[in-house]
4 protein chains.
Amino acid sequence: MIQEPQQFASDNYAGICPAAWAAMDEANRGYVPAYGEDPWTQRASDSFRSLFETDCEVFFAFNGTAANSLALAALCQSYHSVICSSSAHVETDECGAPEFFSNGSKLLVAQTEGGKLTPEAVRALATGRSDIHFPKPRAVTITQPTETGQVYSLEEIRALSATCRELGLRLHMDGARFANACAALGCSPADMTWRSGVDVLCFGGTKNGMAAGEAILFFDHVLAIDFDYRCKQAGQLASKMRFLAAPWVGMLESGVWLSNAAHGNECARQLATAIADLPGIEPMFPVEANAVFLRAPEAVLEGLRARGWRFYTFIGGGARFMFAWDADLSRVDALARDLRAAVTEANRGETLAA
Amino acid sequence: MIQEPQQFASDNYAGICPAAWAAMDEANRGYVPAYGEDPWTQRASDSFRSLFETDCEVFFAFNGTAANSLALAALCQSYHSVICSSSAHVETDECGAPEFFSNGSKLLVAQTEGGKLTPEAVRALATGRSDIHFPKPRAVTITQPTETGQVYSLEEIRALSATCRELGLRLHMDGARFANACAALGCSPADMTWRSGVDVLCFGGTKNGMAAGEAILFFDHVLAIDFDYRCKQAGQLASKMRFLAAPWVGMLESGVWLSNAAHGNECARQLATAIADLPGIEPMFPVEANAVFLRAPEAVLEGLRARGWRFYTFIGGGARFMFAWDADLSRVDALARDLRAAVTEANRGETLAA
Amino acid sequence: MIQEPQQFASDNYAGICPAAWAAMDEANRGYVPAYGEDPWTQRASDSFRSLFETDCEVFFAFNGTAANSLALAALCQSYHSVICSSSAHVETDECGAPEFFSNGSKLLVAQTEGGKLTPEAVRALATGRSDIHFPKPRAVTITQPTETGQVYSLEEIRALSATCRELGLRLHMDGARFANACAALGCSPADMTWRSGVDVLCFGGTKNGMAAGEAILFFDHVLAIDFDYRCKQAGQLASKMRFLAAPWVGMLESGVWLSNAAHGNECARQLATAIADLPGIEPMFPVEANAVFLRAPEAVLEGLRARGWRFYTFIGGGARFMFAWDADLSRVDALARDLRAAVTEANRGETLAA
Amino acid sequence: MIQEPQQFASDNYAGICPAAWAAMDEANRGYVPAYGEDPWTQRASDSFRSLFETDCEVFFAFNGTAANSLALAALCQSYHSVICSSSAHVETDECGAPEFFSNGSKLLVAQTEGGKLTPEAVRALATGRSDIHFPKPRAVTITQPTETGQVYSLEEIRALSATCRELGLRLHMDGARFANACAALGCSPADMTWRSGVDVLCFGGTKNGMAAGEAILFFDHVLAIDFDYRCKQAGQLASKMRFLAAPWVGMLESGVWLSNAAHGNECARQLATAIADLPGIEPMFPVEANAVFLRAPEAVLEGLRARGWRFYTFIGGGARFMFAWDADLSRVDALARDLRAAVTEANRGETLAA
């Protein structure tokens, strides 16, 4: 089996972390009832309730696209709309899944700086139209941290939720990298969510170190009514649910969910620090979680590629580096060195050309 | 962690088989691209093509509900209909998923003996209405083996597909336990599918010994156009796809997919044989795969329950015993003994009452 | 322009009645705002509220398929189900529209006598399954009068609604020929609906004498929240709404809605009476509204066809005669005479053959 | 019945033109089969085929939202996308209907000048993404004339369709005011559609002088397969279809479809001419069809309102005047005079304030 050298193109390229793996191994013993009637599912759900310090409703889905779409569909009818940022994953990378699961709810896209929604942007979209010829705004979704690696502060979340409450909107948090946000702010999951007015959270397990799986947490019980039917109908109920639940037990009970995320964040900071003095290279967004987006001359990016590095440039042409739970710090250093070399080389080329 | 004693209520109660587990373990090394651009996904797809002796299109979904629904949605528009048996899983146990994924395609249900569709039943439903006030029949789905543990012979499949061709219908096979059917008939997967006129197969991995995952095989390339988009939009594209693909590699390359199934079938036969002489107890359906449905007096069923056995009675009131890839033959014997004891006890009770 | 001789195949074959026409004519003066902001729409809505003696919410849709489907979609989510009779129009003649508008809500079909649902049938379907693998029952729909021309008594409706309340189900009434039911029972629209526990009524205008249009009446305001958006998104908001509303004004204010229906009912009774003594000919269902379904030997039906009569036989092979608001009583007599002649002829043929 | 004084806020405020009315009146005689099996529907379809000089497939829907959405749904699957202008009615005023009917197809919105799509804009959106995480572009929709009253030239349409062909996209034309475009260009309907590469046209009857109704014309027969089922399921099949079809006969056979439109266009030109010299007032878009969008100081708009004029300002804050088939030319003059007076008054106010 050919393996890729470790890259930082995506935190989806990493495998399963030891804590998740060990829990799956332990879960793989004996017979247990299917479809979530097993002790692992109960235990994982209780772990979430314990971690979030509240009696929330917990559901499991196979991936983030489904989790987000199901959660939004539970907040909306087809003729409602969802306010999101122009860089929101639901808008840019889910192939119309929110529209599909909701049978047509439109996404209203705010063009905001760096992917962060603001109360002003929400208000503008929510109040721009109030006639029946346009889908009625019903929910707001924010990604925490954003797709650009920024973290909403608690104050920002509270300001957004206050605006939502005022305007009759529900607040959904896409937490594909929720753990990274918690590690970044050092706050409790409860503070970041229901205590700040979040109604529903999709807590990502895959990027956090699992094989697959996201948890959907409803902090308002009414919103969760019949949500189990919704998951089942949408092909998101695992028969051998224990294997979706056990990794959560392994990660939540051990605290690995947080240490994994903290490590990814550290790698990002380390890269940012190592290249802070490089001329012509600058972060496109504040480095607050496990991502670094670099704006760099094309010649520099070419130099990086020539040195074997792979990365995406789909956001504003910048090079994205995304650090997984097991990113190798020495490889982060290697990346910084290669970047420095590429800059030098590019500058030399420019000098020669001049 | 409390564990259930081994039961035969469902083959979903079993865990992950060693071959699947070992492949996941091996796959859990290093970094690989996400979303199926990894070598494991390629290798699993090639394994299917090799096993089926044809260049079919291969896709992976998380579970059977999604696999069936996506496949049927690819065959139909919302105003089309799908012909199925009254005991078909798509009709009875998927919570309206086929209707949801297809945005409304109606299931036309044939009331047939033992869950098997026949050419006559298909023809009757397909030609009963031809006006635009009723959804136009466009596909037929059969479950192989059926939900009642019966296996369509190759002749039966061919007869169905011939009728489908004649009537302009596509033929879908729900193979949640496809391997059990192959083991039962001793025929090749190719013979059971495309060589017999099947257009699309959903090949079940979960019941075959995996943690999760079904493969969708299109034998007609045209039907698979843009199916990758369909999976993505419907929340069925795994980011760490290697963990959905690797178990298939482990099971297909080793032949375990077949031996697992053969073992389940053997358990069913052993139970059937062991109780063949029991008065008042009879199989509701021919025992051909890994299921035994027993019709028995309620007192006997009660006696079994009192002895700690759990089982479902949702089909016709009979007790269903479903044998997984790792069913313990000594426990099968124990079940047979307990059943015999329950019969004796029930008869004694009856004698006393008389 | 070739015109058909008056037939009784369907009450959709008739045109627009004078009251509806005159109102459209009067409405066709001057400029009025679009999309229901006009005085005619207000007046039609008020007429309904007056007629039904309650402050219900009133909406207008273009046809019955849309009205029923939108109403049911407002009661259900995609993973819910709707209980109906096996002869319900929503099941047999709307091409999967309820499933389409609701994005997948399944219809649970009760096989009942003559198309009438009973509390027992509702209870059996509503309580048969309570697991998440089957769509959760959420609404019941009855057709008043039924597709077979029978009328639910107030007692029957109340018994159904009591069962619905007990089981947490909403009650929808498909009133494609609602006026005929009112005329048959001689009761008030209020008694037949909200006073008997009906939550939503689709009141048919087309068969009652209009060009097109059905009214959807919600007696529970909560169910009507955002229903205007639902109609708009589903392509059921008329821009020149006055032409959908005015005919209702014309018919409701004048009482023609009721007299039109009473006339159709009278025609049916007259036919039934005229042929009561005919040997071998019998009504399949009690003749209570504007339909007569006759069971007759095929030779007799052939004799009728030979005499130029057209009729449908899609329900149980019986000949359906459906009388419109303007059915010609002399033609009803002619039909009775031709039927008598056909019977005589058929008997003669039989005698000859014997 | 209170009537509005004639306004130019919308061409939906007008009534039914005499040609349409007379045809409905004539159609309202005798009995004819329902659901389009009547002679009027046949004749209307043939009239379209004659007018368009081709054997196209013709369907009728109740309104433009439905017609557009059904047509686009026929071109797309849920995971496909549709390219449109930012001012396209499907994007701004159909409450998510295209997404609803297609079960999720996303609209990709081009920000273009004055609502016109260009080959460059189409290409940019169609080729911007080619991964499965974003809906695959499959169709382009243009509004002819645009929502801003501009008309695509034949050259522009041909350039767009050439780009579509090259990129594998289908071309849909939203012709809510199609007749106005024909009148403006003086070209044949055939030249403006299929001869220029349009695949599907929605030809608006409501704004053209009918009570309701749009025709959907497929120039490629393959795209129309089973479209009748689609219409039926979506609640767009009229039972008394003759009343949807007859007005088309009345308007197409007489040529009124074109003269009605020409009159609306003339009114727009007359207004534009009459105010051409007014300081501070200018058309926001070239006046090519029956709309005039005026950019004017708020004080002037207030002055107009004070004089009893109603108009919308939802596009760019400009005042929209839209002229119906029966717009009164003397009222157009009155509007021009009032506008002139409002300007004078506003200027005087300004002078005083200065």
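Residues numbered from 1 in each chain as written. Chains lettered and ligands numbered in written order. Predicted model: local features only at pLDDT ≥ 70, side-chain atom pairs only at ≥ 80, totals over all residues. Heavy atoms only, no water.

A. Local environment of the domain arrangement of chain A. Residues and elements named next belong to chain A. Domain annotation of chain A identifies domain 1 (18-254) and domain 2 (257-353). On a C-alpha basis, the centroid separation for the pair domain 1 and domain 2 is 29 Å. On the side of domain 2, 17 residues touch domain 1, which itself brings 22 residues to the contact. Between domain 1 and domain 2, a total of about 1,600 Å² is buried, with carbon and sulfur atoms accounting for 62% of that surface. Of all residues in domain 1, T148, R177 and N180 bury the most surface against domain 2, accounting for 26% of the area lost on that side. Linking domain 1 with domain 2 are zero salt bridges. (Domains from an automatic or database assignment. Contact = heavy atoms within 4.5 Å. Buried area = accessible area lost by both parts, 1.4 Å probe. Salt bridge = Lys/Arg side-chain N within 4 Å of Asp/Glu carboxyl O.)

B. Layout of the side chain of D11 of chain C. Turning to its location among the elements, D11 of chain C is positioned in the segment before α1 (18-27). D11 of chain C gets classed as buried once you look at its relative accessible area, which sits at 1%. Polar contacts involving the side chain of D11 of chain C include one to the side chain of R177 of chain C, which spans 2.6 Å. When neighbours within four sequence positions are excluded, D11 of chain C is seen to be in contact with R177, K207, N290, M322, F323 and A324 of chain C together with K240 of chain D. (Helix = DSSP H or I, 4+ residues; strand = E, 2+ residues; numbered from the N terminus. Buried < 20%, exposed > 50% of the residue type's maximum accessible area, 1.4 Å probe, protein only. Polar contact = N/O pair within 3.5 Å; in protein donor to acceptor, adjacent residues only side chain to side chain.)

C. Just the relation of the copies chain B and chain A, in detail. After a rotation of 180 degrees and a shift along the axis of 0.0 Å, chain B superposes on chain A with an RMSD of 0.1 Å. Both copies are brought into coincidence by an operation consistent with a two-fold rotation axis. When C-alpha positions in chain B are compared against the rotation axis, the closest is assigned to F62 of chain B, at 3.6 Å. The residues that chain B uses at the interface reappear at the interface of chain A in 98% of cases, marking a shared surface. (Least-squares fit on C-alpha atoms with pLDDT ≥ 70 in both.)

D. How the structure looks around the relation of the copies chain C and chain A. Rotating chain C by 180 degrees and translating it 0.0 Å along the rotation axis places it on chain A, where the RMSD comes to 0.0 Å. The overlap is high: 100% of the interface residues of chain C also sit at the interface in chain A, so the same surface is used on both sides.

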